[in-house]
Structures are given as structure tokens and as C-alpha cells.
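# Summary of the model geometry
So you can see what is in the structure, the chains are spelled out below.
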Amino acid sequence: MTKTIQPEGESYDIELQEDLLKAHQKIAEKNGKLLRNRGVRCIEIMGSIGSGKTSLLERISEKLSRHYRMAVVNGDLATTIDADRVGRHGVKVLQINTGKECHLDAAIVARAFGELDLKNLDLLFIENVGNLICPAEFPLGADTRVVVVSVTEGPYMVIKHPLIFMDSDLLIVNKIDLAELMEVNAKKLGEDAKKINPKIRVALTNCRTGEGVDDVIDQLQLSGKLRA
Ligand code: MG
Ligand code: ZN
């Protein structure tokens, strides 16, 4: 057995952290209420840098922008690369630059709502900053949380980050075209997530080509308007 050191239970820092998370939770709940009142379906996309969050949003935007009044908010430390990419597909985009913050928080998202005409939106996607750790603890008020994992991140990406899967509704295993090359079993990543959270749904995609994106849209219960 490998010797392991873990953080000790009680410390001043932990109390401070709990207060902060409680205060944050309140803002997230307020965001959720505002979205419901305005009739906006809100989906948060989380995942590491390079997992394919922006590519997924590009493919989704291509398919849905003619059917829904939709907007995408992109979180990033400093660039507008992601918002520029998604903006090419006929959706309204808004960039949030977080500076040093490695995740979006509910307060900055509330400010973004002020910039969007929520009354005239059906659907809002929020791309969180590339990170699989802290977004888990900072819900933004979205009704659905999606986490994207790429097979290029290796076979242990899910079991090493249990917290984020506990609190997500849908896992997207992306870049499945590279699974064999990476010697990673894409389906196994989904099974790992279901062990952590039996309610999580799973979709397999290649967001570069669009393979599997229809299934994602189905699983998000957004395909009704496409068929109509
Ligand atoms: Mg991105
Ligand atoms: Zn963070």
C-alpha cells in the first residue's frame, strides 16, 4: 500500500470556506429562480481545457440556432477565442474573462444575465473555465450540468475527479475517434461515472465531425423543436 497524507479535519480555513460556499449557493439559487421566471432553459458545460467544450457548443449551435432563441456565455481566463468560435454559428455570445479565477462563480454569471435579454431567450449555454475540480463546488444556477471528458485525457479522468460527476446530469465522452490510438475505453469512462452517480447519463461524441451530437441534443431533451 502506498502511504497517503490527507488534509486534517478542523481548521480556520475550512470554516471560512463553508461560509463562502453557502453565500455562493444563495446567489446560484437566485440565478436559477430568475432563469425559471424568464422561461430560459440553462445548461452549464464543464470540463478540462482541451476536452472539447467549445467544439461541442459549436456543433450544438449549428443544429439549434434556427430553432431556439439561444445564447452562449463563455468563461475563460483572458481570451475571447471560444466566444469568437461559437459566435460564427448564428448565436448570441458573451465572453466572461475571469482573470486569475479558475472557475466561473454565480455572481459573475448574474452580471452576464444583465447583459442578455433573458425575456427573449429560450436557451442559454454557459461554458465554464477549463477545469474539472472547482466548478463542482460552484454551481451557477443552471438547471442541467454537463461534463465533457476527452479520451485523450487518459483512462483515469473520471475516477480521479468524483465530485464533478456526482453533481452532473450528463457526461459526454469526446474524441472517441482517438480512443483506440490512446488505448482508452470510452464506454468504460461512462461506466466509471455511473458508479459514482447512477443517475448520470452518458453520450459518446466526436465533436470535430459532429458524431454523437444528435444524441446529446436528445439527451438534453432539445430535439422536439427540430422534428416539429
Ligand atoms: Mg473552450
Ligand atoms: Zn477554481
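### Concerning the state of the cysteines
Taken as a whole, this structure holds 0 disulfides when the rule is applied. No disulfide involves Cys 42; its sulfur sits 19 Å from that of Cys 134, the nearest cysteine. By relative accessible area, Cys 134 is classed as buried at 16%.

### A word on the coordination of the magnesium ion (ligand 1)
Under ideal tetrahedral coordination, the four donors around a metal are separated by 109.5 degrees; under ideal octahedral coordination, the six donors are separated by 90 or 180 degrees. For the magnesium ion (ligand 1), the full set of protein donor atoms is Thr 54 (OG1), Asp 82 (OD) and Glu 127 (OE), and the range of their distances to it is 2.0 to 2.3 Å. If you list the donors of the magnesium ion (ligand 1) from N- to C-terminus, the spacing comes out as T-x27-D-x44-E. Here Glu 127 lies in strand S4 (residues 123-127) and Asp 82 lies in helix H3 (residues 81-87), a separation of 45 residues in the sequence. Like Glu 127, Asp 82 is buried.

### Section: the nonpolar core
Judged by nonpolar contacts, the single largest core of 24 residues is most densely connected at Phe 125 and Leu 222. Secondary-structure elements contributing two or more residues to this core are strand S1 (41-47), helix H2 (53-64), strand S2 (70-76), S4, strand S5 (144-150), strand S6 (170-174) and helix H8 (213-219). In terms of residue count, H2 provides more of this core than any other element does, 4 residues in total. Ignoring any residue separated from it by four or fewer positions in sequence, one finds Phe 125 in contact with Ile 43, Ile 45, Leu 57, Ile 60, Met 70, Ala 71, Val 72, Val 73, Leu 220 and Leu 222.

### What to know about the pattern of salt bridges
This model, assessed by the stated rule, comprises 9 salt bridges. A salt bridge links Lys 63 to Asp 214; the nearest nitrogen and oxygen atoms lie 3.0 Å apart. In this pair, Lys 63 sits in helix H2 while Asp 214 sits in helix H8, placing the two residues 151 residues apart along the sequence. We classify Lys 63 as partly exposed; its relative accessible area is 27%. Classification of Asp 214 by relative accessible area gives partly exposed; the value is 49%.

### Focus: the pairing of S5
For S5, the buried fraction is high: 7 of the 7 residues fall into the buried class. Residues Thr 144, Val 146, Val 148 and Ser 150 of S5 are buried on one face, and the alternating residues Arg 145, Val 147 and Val 149, pointing to the opposite face, are buried as well. Direction of pairing for S1 relative to S5: parallel, over a ladder of 5 bridges. Within S5, the residue paired with Ile 43 across the bridge is Thr 144. Note that S5 and S6 share 5 bridges and pair parallel. Looking across to S6, one finds that Val 149 is bridged to Val 173.

The rules behind these values
Residues numbered from 1 in each chain as written. Chains lettered and ligands numbered in written order. Predicted model: local features only at pLDDT ≥ 70, side-chain atom pairs only at ≥ 80, totals over all residues. Heavy atoms only, no water. Disulfide = S-S within 2.5 Å. Buried < 20%, exposed > 50% of the residue type's maximum accessible area, 1.4 Å probe, protein only. Donors = N, O, S within 2.8 Å, 3.2 Å for Na, K, Ca; no water. Helix = DSSP H or I, 4+ residues; strand = E, 2+ residues; numbered from the N terminus. Core = buried A, V, L, I, M, F, W, Y, C linked by side-chain atoms within 4.5 Å. Contact = heavy atoms within 4.5 Å. Salt bridge = Lys/Arg side-chain N within 4 Å of Asp/Glu carboxyl O. Pairing = 2+ DSSP bridges.

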